[in-house]
Every structure is written in C-alpha cells, then in structure tokens.
Amino acid sequence: MKSKTLRSGVAGLSAIALVLAGCGRDDAADTEVAGVTQEPCPEAVDPEKGCIYLGAITDLTGPFSPIGAPMIEGSQAYWQYVNENGGVGDYEVDMVTHVRDNTYNETTHSQEYREIRDQILMLAHSMGTAHTNGILDDTRQQNIVTVPASLGSNWLFEEGVMEFGTSYCAEAMNMVDYAVDEFDAASVGAVHFPGDYGDDAANGAQLAAEERGVEFFRYTTAPGGTDAQTAVIQRILADRPDVVLLSTSAIETGAIVGATVAQGFEGRFIGSTPTWSAGLLGSQAAPALEGRFVHAGAVAPWGHDSEGHAQMRQVAESIGAEPNDWFVLGWGASSVIHGLLQQAADNDQLSRSGLFEAVDSLAGVDTKGMFPEGAGDYTGEVNENASRENIISRVEVDSPTGLVLEEEWYVGPTAENFEFTEACYLMQP
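Description of the structure in this document.

Reading the values: the criteria
Numbering of residues begins from 1 in every chain and follows the order in which that chain's sequence is written. Only residues with pLDDT of at least 70 are given local features in this predicted model, and only at 80 or more are side-chain atom pairs given and counted; all residues enter the totals for whole chains, interfaces and linings. As a convention, hydrogens and water are excluded, and side-chain values are obtained from all of the structure's heavy atoms. Helix and strand definitions here come from DSSP, where helices need a minimum of 4 consecutive H or I residues and strands a minimum of 2 consecutive E residues; each element is numbered from the N-terminal end. Categorising residues by exposure relies on relative accessible area from a 1.4 Å probe, with only protein chains included: less than 20% of the type maximum marks a residue as buried, more than 50% marks it as exposed, and the intermediate range marks it as partly exposed. Whenever a carboxyl oxygen of Asp or Glu lies within 4 Å of a side-chain nitrogen of Lys or Arg, that contact is scored as a salt bridge. Note: two strands are recorded as paired if DSSP finds a minimum of 2 bridges between them. With its strands directed away from the observer, a crossover is right-handed exactly when the path from the first strand over the helix to the second travels clockwise. Here an axis means a line fitted to C-alpha atoms, over the contact stretch when the element is a helix, while the angle between two N-to-C directions is reported on a 0 to 180 degree scale. Any pair of residues with heavy atoms lying within 4.5 Å of one another is described as a contacting pair. Here, expected helix span is obtained from the residue count minus one, scaled by 1.5 Å. Grouping buried Ala, Val, Leu, Ile, Met, Phe, Trp, Tyr and Cys residues that are joined through side-chain atoms within 4.5 Å yields what is termed a nonpolar core. In this description, the term disulfide denotes a pair of cysteine sulfurs within 2.5 Å. With respect to orientation, any angle under 35 degrees is reported as roughly parallel, any angle over 145 as roughly antiparallel, any angle of 65 to 115 as roughly perpendicular, and every other angle as oblique. Should the near helix be turned counterclockwise from the far one by less than a right angle, the crossing is left-handed, whereas a clockwise turn marks it as right-handed. In this classification, the charged set is Asp, Glu, Lys and Arg, the nonpolar set is Ala, Val, Leu, Ile, Met, Phe, Trp, Tyr, Cys and Pro, and all remaining amino acids, among them Gly, are polar.

### What to know about the environment of Val96
Then, number 1: Along the chain, the position of Val96 falls in strand β3 (residues 91-101).
Then, number 2: Classification of Val96 by relative accessible area gives exposed; the value is 55%.

Here is the structure:
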C-alpha cells in the first residue's frame with residue numbers, strides 16, 4: 001500500500017543539512033549508477049565533487065507555462081544554493097541538463113521522458129496528471145522515483161511517487177466549505193476542465209456541496225480566453241450561484257471573472273491552485289479579481305512571514321528572480337527531494353533502488369514555518385495523513401505576486417472527515 005502523503009505541501013530547505021560529509025560516494029567503485037557520475041556537474045561549484053542528475057518534464061510554452069516555467073526556476077535556484085553550500089555529500093545536483101518542455105501534450109511528455117530516462121537518477125518534476133500516469137508503469141520498472149507537478153488525488157495510491165500538497169479533490173471540498181462558512185453561500189457552481197485535474201476538483205466540490213446541503217451547478221469548459229468561455233459565462237449569469245469555483249488555468253480565470261462581473265454578476269469566485277498567475281494583475285479583470293476572487297493554494301504566497309520564505313526570497317533576490325508564487329512551490333518541492341537524497345546518501349543507497357526504498361521511510365522535516373508541522377512524512381497510511389489543508393489568499397494588486405495571506409492552512413469539515421478510497425476523478429458523485 002502507498003505510504004502516506006506529504007502533509008500540506010513541501011518541506012523547507014531550513015530543515016535539511018547542506019553537507020553530508022563522506023556519504024554516498026565510493027571513488028573506488030566501478031559500478032555505474034544511472035543519473036549519478038563521478039565526474040563533476042557541467043556548471044560545478046566544486047569540480048572535486050560528482051554529479052546527481054535530476055530530470056524535469058514540464059510545460060514551458062503551453063497553457064500551463066505560467067506555472068511550469070517559474071516552478072523550474074525555483075527548483076534550479078534551490079539546487080544552485082545547495083551546491084554553493086556543499087552539495088549533497090560528495091555530490092552536487094544538476095536540474096538543468098535534463099529539463100524538457102512537454103507543451104502540456106501527453107504524447108510529447110512520453111517522448112521527452114524516453115529521451116532523458118537513462119541519464120537521470122529520478123524525475124524531479126513531471127507536469128500533468130494524465131501525462132505522468134502515462135509514463136508511470138515505466139518509471140516503476142526503472143525504479144525512477146517521480147515527483148508529479150500536479151495535485152491529482154490518485155497520487156495518494158501510487159508507489160514510487162512523491163506527492164506534495166493537498167489534492168485538487170480535497171482542495172475543492174475546502175473551497176465549498178469556505179464558501180458556505182465565510183460567504184454564507186447557499187449555492188455554488190464549479191467551472192472545470194474535463195479530465196483528471198478538472199474532474200478531480202469538480203467531484204470533490206460536488207461531494208462537499210451534498211455534504212453541506214447547498215445547491216450545486218457543474219460547468220465543463222475548454223481552455224481559452226473570453227471567446228472560448230462564452231457558453232459557460234452565459235450559464236453562470238443564468239444560474240446565479242452565490243460562489244463560483246474555478247478549476248481551470250489563469251487564462252480562464254481572467255476571462256470568466258472579468259466578463260461575468262462586467263455583465264452584472266454579483267457573486268464571488270474561489271480558484272483552485274492552478275488558476276492564479278501574477279500576469280492577471282495586468283489584465284482588464286484585475287479590479288474584479290481584487291474585489292471578488294480568493295485563491296486556495298498549496299503554498300503560502302511569496303510575501304508570507306516565515307523563516308523559510310525569507311530564506312527563499314533572499315536567494316531569489318540575489319539572482320534577480322521576479323516574485324512568483326510558483327517559484328516558491330518549485331523551491332519547496334526541491335527541498336522534499338533534497339530530504340530524500342540526503343536519506344539515501346546517509347544509508348549509502350544513492351541509487352534508483354535506494355531512493356525507492358528510502359521514500360517510505362522519509363519521516364518529515366522542520367520547515368521553519370514555511371509549511372505546516374508534519375510536512376515531508378511518508379511513513380503512514382493514506383487516510384492517516386493525507387494532506388487536507390489549503391492556504392486561502394486574497395488578491396491585492398500592490399502585493400509582489402498579487403496574492404496575500406487571508407487564512408493559513410484552512411481545513412473545512414468535509415475534507416477533514418473524508419475517507420479516500422480511490423482517485424476522486426474516478427468517482428461517480
């Protein structure tokens with residue numbers, strides 16, 4: 001059975017020792033390890049150290065590129081900082097050489113995976129639920145631990161996967177509970193993409209609406225701007241739900257919120273994790289978003305007051321990185337991987353099979369306030385510690401990324417008591 005999920009997000013750098021003196025490298029060994037070399041990394045800080053190669057397949061040019069690109073930037077900043085502070089034992093970490101663009105296309109994702117498979121120790125970033133599902137049989141055969149850059153509830157049940165953050169399903173439950181408890185909603189409407197992401201969220205929202213006894217409207221929509229959203233906009237205006245839940249990308253967020261408010265809609269909006277981008281601050285929808293939209297996220301915004309966030313901001317500023325909440329998530333996800341690499345190196349098992357064995361015994365780290373207590377613990381069962389908490393943020397156009405903390409680690413009664421038995425997108429509510 002799959003060990004327990006990473007509670008409420010990702011582990012912070014602060015809790016991970018940056019130097020693993022003498023661990024994990026045997027200069028006399030003749031056995032080659034996939035993704036681990038005795039030769040230094042291409043841009044090595046210390047040419048005397050070997051190199052650990054991590055793979056990443058993300059969306060750099062497609063609809064979710066506003067998420068994928070800054071997440072990769074945050075990850076790369078993290079590993080550069082680690083390398084500058086001693087690396088991982090006798091190694092530095094490279095997450096530059098084997099980064100690939102899937103354009104958010106499942107076939108491309110599989111092709112890119114095949115190209116880098118033999119050169120990486122683990123797949124440290126794999127964007128897209130269906131995309132990652134498509135390669136998962138092979139990653140398990142190859143003993144390649146995979147970190148999805150998605151929040152599908154299916155990851156709770158998959159071996160060889162390091163999931164992080166609250167699932168889209170539980171997140172949507174929290175969105176409904178927040179709408180009922182904070183906005184006195186008697187009706188909610190869920191706008192979602194078809195497929196694993198959108199259906200995971202919409203099914204979770206419908207389950208919560210039934211639990212809370214509120215009227216529920218379900219709207220499926222396709223990616224695209226205002227013209228592509230005409231039908232769903234008209235349905236929202238006809239049904240007039242008190243709160244509209246969005247499980248789309250940021251493009252649809254701006255289009256739907258901007259157009260409905262402009263046409264007299266008086267309700268509120270709550271968006272799933274992927275629905276926000278700082279680019280919305282420059283859109284015509286910005287005033288409507290500031291007044292009507294809140295965001296349910298997997299990580300606290302850029303400006304959050306924690307020791308872990310302060311450390312991340314300091315590094316980002318030193319390299320000239322623009323404030324971006326997806327940068328924060330990329331940084332945090334890499335700190336989870338750092339914990340796994342450290343544990344494997346401590347056990348002299350810095351190999352694919354060694355990482356596979358180490359995942360289920362990773363027992364959590366102190367994140368210095370960046371994420372809730374208990375983050376990074378994979379040692380229990382699914383429902384014992386499945387992540388169920390979300391950051392709730394409001395929009396302020398003068399803030400660094402447009403989001404500021406409204407409520408830290410909100411858990412509604414539906415998600416808190418829900419028993420996961422399968423991926424929510426497979427359920428028939």
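Next comes the rest of the write-up.
### Concerning the pattern of salt bridges
Then, number 1: Applying the stated criterion across every chain yields a total of 11 salt bridges.
Then, number 2: The closest approach of N and O atoms between Arg114 and Asp138, which form a salt bridge, is 3.5 Å. Placement of Arg114 in helix α2 (residues 106-116) and of Asp138 in helix α4 (residues 136-141) is noted, with a sequence separation of 24 residues between them.
Then, number 3: Three or more residues are tied together by salt bridges with common partners; here these are Arg114, Arg117, Asp118 and Asp138.

### Examining the pairing of strand β8 (residues 243-247)
Looking down a regular strand, the side chains alternate between one sheet face and the other.
Then, number 1: Most of β8 sits out of view: five of its five residues are buried.
Then, number 2: Burial of β8 is two-sided: the residues Val243, Leu245 and Ser247 facing one way and the residues Val244 and Leu246 facing the other way are all buried.
Then, number 3: Here strand β6 (residues 187-192) runs beside β8; their pairing, made up of five bridges, is parallel. Bridge assignment links Ala190 to a residue of β8, and that residue is Leu245.
Then, number 4: As for the winding sense of the linkage, the β-α-β connection from β8 through helix α8 (residues 250-262) to strand β9 (residues 268-271) is right-handed.

### Regarding the sheet that holds strand β11 (residues 390-395)
Two pairing modes exist for strands in a sheet, parallel and antiparallel, and in both the strands are linked by backbone hydrogen bonds.
Then, number 1: Strand order in the open sheet formed by seven strands is β7-β6-β8-β9-β10-β11-β12, and the pairing between neighbours is mixed. Looking at which strands have only one partner, the edges of the open sheet turn out to be β7 (215-220) and β12 (403-410). The sheet shows a mean angle of 20 degrees between the axes of neighbouring strands, taken without regard to direction.
Then, number 2: Sitting on the sheet, helix α6 (residues 196-212) touches β6, β7 and β8, and the angle it makes with β7 is about 170 degrees.

### A closer look at α8
Then, number 1: Given a rise of 1.5 Å per residue, 13 residues ought to cover 18 Å, and the 18 Å separating the end C-alpha atoms of α8 matches this to within 8%.
Then, number 2: If you follow the buried residues of α8, they end up packed against β6, α7 (230-239), β8, β9, α9 (286-292) and β10 (293-297).
Then, number 3: The first or second residue beyond α8 is Gly264, which carries a positive phi of 100 degrees.

### Considering the nonpolar core
Then, number 1: In this structure, Leu54, Trp79, Met122, Met162, Leu341 and Phe420 are the most contacted members of the largest nonpolar core, which totals 91 residues.
Then, number 2: No other element matches the 11 residues that helix α11 (residues 325-346) contributes to this core.
Then, number 3: Met162 has contacts with Met122, Val145, Thr146, Val147, Pro148, Val336, Leu340, Val359, Leu362 and Tyr378, leaving out every residue within four places of it along the chain.
Then, number 4: By size, the runner-up hydrophobic cluster in this structure holds 23 residues, among which are Val191, Ile233, Leu246 and Phe265.

### Focus on the state of the cysteines
Defined simply, a disulfide is a covalent bond joining two cysteines at their sulfur atoms.
Then, number 1: According to the stated counting rule, one finds two disulfides in the structure shown.
Then, number 2: Across the disulfide, Cys41 is cross-linked to Cys51 (sulfur-sulfur distance 2.1 Å). Its S-S torsion of approximately 100 degrees makes the covalent link between Cys41 and Cys51 right-handed. With Cys41 in the loop between β1 (36-37) and β2 (50-58) and Cys51 in strand β2, the pair connects residues that are 10 residues apart, well separated along the chain.
Then, number 3: With relative accessibility at 7%, the residue Cys41 sits in the buried group.
Then, number 4: Owing to a relative accessible area of 0%, Cys51 belongs among the buried residues under this scheme.
Then, number 5: Shown here for the protein chain is a disulfide pattern of 1-2, 3-4, where each number marks a bonded cysteine counted in sequence order.

### Notes on the pairing of β2
Then, number 1: A large share of β2 lies buried, amounting to nine of its nine residues.
Then, number 2: Burial of β2 is two-sided: the residues Gly50, Ile52, Leu54, Ala56 and Thr58 facing one way and the residues Cys51, Tyr53, Gly55 and Ile57 facing the other way are all buried.
Then, number 3: Of the strand pairs in this sheet, β2 and β3 are connected by eight bridges, and their pairing is parallel. In the strand pairing of β3, Ile57 is matched with Arg100.
Then, number 4: With respect to chirality, the unit in which β2 leads through helix α1 (residues 65-84) into the neighbouring parallel β3 is right-handed.
Then, number 5: As paired strands, β2 and strand β4 (residues 122-127) are joined by four bridges and run parallel to one another. When the sheet's bridge partners are listed, Leu54 is paired in β4 with Met122.

### Regarding the packing of α1 against α11
Then, number 1: Relative to each other, α1 and α11 sit at 45 degrees, their axes nearing to 7 Å. By the angle between their axes, α1 is oblique relative to α11. Classified by chirality, the crossing of α11 by α1 is right-handed. On the side of α1, the interface is formed by Pro66, Ile67, Pro70, Met71, Glu73, Gly74, Ser75, Ala77, Tyr78, Trp79, Tyr81 and Val82, while α11 contributes Trp326, Phe327, Leu329, Gly330, Trp331, Ser334, Ser335, Ile337, His338 and Leu341.
Then, number 2: Partitioned by chemical class, the residues of the contact of α1 with α11 number 15 nonpolar, six polar and one charged.

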